[in-house]
Amino acid sequence: MQVNSLSEEQRKDLESQLKEFTQEMTRLKRINRSWDAGLTITTIILTLAITTLTTLEPIDEQAKKITTGILGGVIVAIQSIGNAFPVKQRAGSYRLLQAQAKNLLSDVKYLENTDELKNIESQFYELNKEAAKIEVQ
């Protein structure tokens, strides 16, 4: 056996780690995408409710003002949540990491020696660092 040869166990271990990472990025992407969609749809519905409410005649003006104020406050709160937790940006970042991990997963199937393994491991560790940075943002 050559010193620079790659064992099947090493390749499978890295492949397993990459699969797990890809699945985690997929999960996190879906969660953030769902939150983004939910916040956006809620904002749209509340905006339509305010618009509809202001055009209705049989409703008391004071009740309109109170309801419009409350709904407006909820919309501002939702927008603040979107700023505090940038779910749309996170979803995009997780999607990018997912794609990069999938590329590495394809590459790992054709590894021939430990130098190539070390190169892919290094790239994988960089992906892990990038994933950690996303959570801090």
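Details of the structure are given in the entry above.
What counts and how
- Residues numbered from 1 in each chain as written.
- Predicted model: local features only at pLDDT ≥ 70, side-chain atom pairs only at ≥ 80, totals over all residues.
- Heavy atoms only, no water.
- Helix = DSSP H or I, 4+ residues; strand = E, 2+ residues; numbered from the N terminus.
- Rg over C-alpha atoms; globule rule 2.2 N^0.38 Å.
- Buried < 20%, exposed > 50% of the residue type's maximum accessible area, 1.4 Å probe, protein only.
- Contact = heavy atoms within 4.5 Å.
- Patch = residues over 30% accessible without salt bridge, like charges linked within 9 Å, V, L, I, M, F, W, Y side chains within 5 Å.
- Areas by Shrake-Rupley, 256 points an atom, 1.4 Å probe, with all protein chains shown as cover.
- Salt bridge = Lys/Arg side-chain N within 4 Å of Asp/Glu carboxyl O.
- Lys, Arg positive; Asp, Glu negative; His and termini not counted.
- Charge placed at Lys NZ, Arg CZ, Asp CG, Glu CD.
- Core = buried A, V, L, I, M, F, W, Y, C linked by side-chain atoms within 4.5 Å.
- Axes fitted to C-alpha atoms, helices over the stretch in contact; angles between N-to-C directions.
- Parallel < 35°, antiparallel > 145°, perpendicular 65-115°, else oblique.
- Left-handed = near helix turned anticlockwise from the far one by under 90°.
- Nonpolar A, V, L, I, M, F, W, Y, C, P; charged D, E, K, R; others polar.
- Expected span 1.5 Å × (residues − 1).
- Polar contact = N/O pair within 3.5 Å; in protein donor to acceptor, adjacent residues only side chain to side chain.

**Examining the overall build of the protein**
Part 1: Regarding its fold elements, the protein presents four helices and zero strands.
Part 2: Its C-alpha radius of gyration of 24 Å places the protein more than 25% over the 14 Å reference for a compact globule of 137 residues.
Part 3: By its C-alpha atoms, the protein is 90 × 20 × 15 Å across when sized along the principal axes.
Part 4: By residue count, 29% of the 137 residues in the protein fall in the buried class.
Part 5: In the protein, of all internal contacts separated by at least 6 residues, the share reaching a separation of at least 24 is 80%.

**Looking at a positive patch on the surface**
Part 1: Together, Arg 30, Arg 33, Arg 95 and Lys 102 line one region of the surface with positive charge.
Part 2: Residue assignment for the positive patch shows that the elements contributing at least two residues are α1 (8–55) and α3 (87–108).
Part 3: Relative to the elements of secondary structure, Arg 33 occurs in helix α1.

**Topic: the side chain of Lys 29**
Part 1: Relative to the helices and strands, Lys 29 resides in helix α1.
Part 2: Buried charge without a partner: Lys 29 forms no salt bridge, and the closest opposite charge is Asp 36, 13 Å away.
Part 3: With residues near it in sequence (within four places) discarded, Lys 29 still touches Ala 91, Tyr 94, Arg 95 and Gln 98.

**Comments concerning the nonpolar core**
Part 1: Grouped together as the largest cluster of nonpolar side chains are 19 residues, with contacts concentrated most on Leu 14, Leu 18, Phe 21, Met 25, Leu 97 and Leu 111.
Part 2: Among the elements of the structure, α1, α3 and α4 (114–136) are those that each provide at least two residues to this core.
Part 3: Filtering out sequence-adjacent residues up to four positions away, Phe 21 remains in contact with Leu 97, Ala 101, Phe 124, Leu 127, Asn 128 and Ala 131.

**Looking at the packing of α1 against α4**
Part 1: One way to put it is that α1 packs onto α4 with a least axis distance of 11 Å and a crossing angle of 20°. Between α1 and α4, the interaxial angle falls into the category roughly parallel. Read as a crossing pair, α1 and α4 show a hand that is left-handed. Contact residues: Gln 10, Leu 14, Gln 17, Leu 18, Phe 21 and Met 25 in α1; Thr 114, Leu 117, Ile 120, Glu 121, Phe 124, Leu 127, Asn 128 and Ala 131 in α4.
Part 2: Across the contact of α1 with α4, the residue classes tally to nine nonpolar, four polar and one charged.

**Brief notes about the environment of Asn 32**
Part 1: Examined against the element boundaries, Asn 32 turns out to sit in helix α1.
Part 2: Between the C-alpha atom of Asn 32 and that of Lys 88, which follows or precedes it by 56 residues, the distance is 6.5 Å.
Part 3: Setting aside chain neighbours within four positions, we find Asn 32 in contact with Val 87, Arg 90, Ala 91 and Tyr 94.

**Regarding α4**
Part 1: The first and last C-alpha atoms of α4 sit 33 Å apart over 23 residues, in line with the 33 Å expected at 1.5 Å per residue.
Part 2: Listed in full, the buried residues belonging to α4 are Thr 114, Leu 117, Ile 120, Phe 124, Leu 127, Ala 131 and Ile 134.
Part 3: Tucked into the core, α4 has its buried residues touching α1 and α3.
Part 4: You can read the cap of α4 off the contacts: a side-chain oxygen lies 3.0 Å from the backbone nitrogen of Asp 115, and it is on Asn 113.

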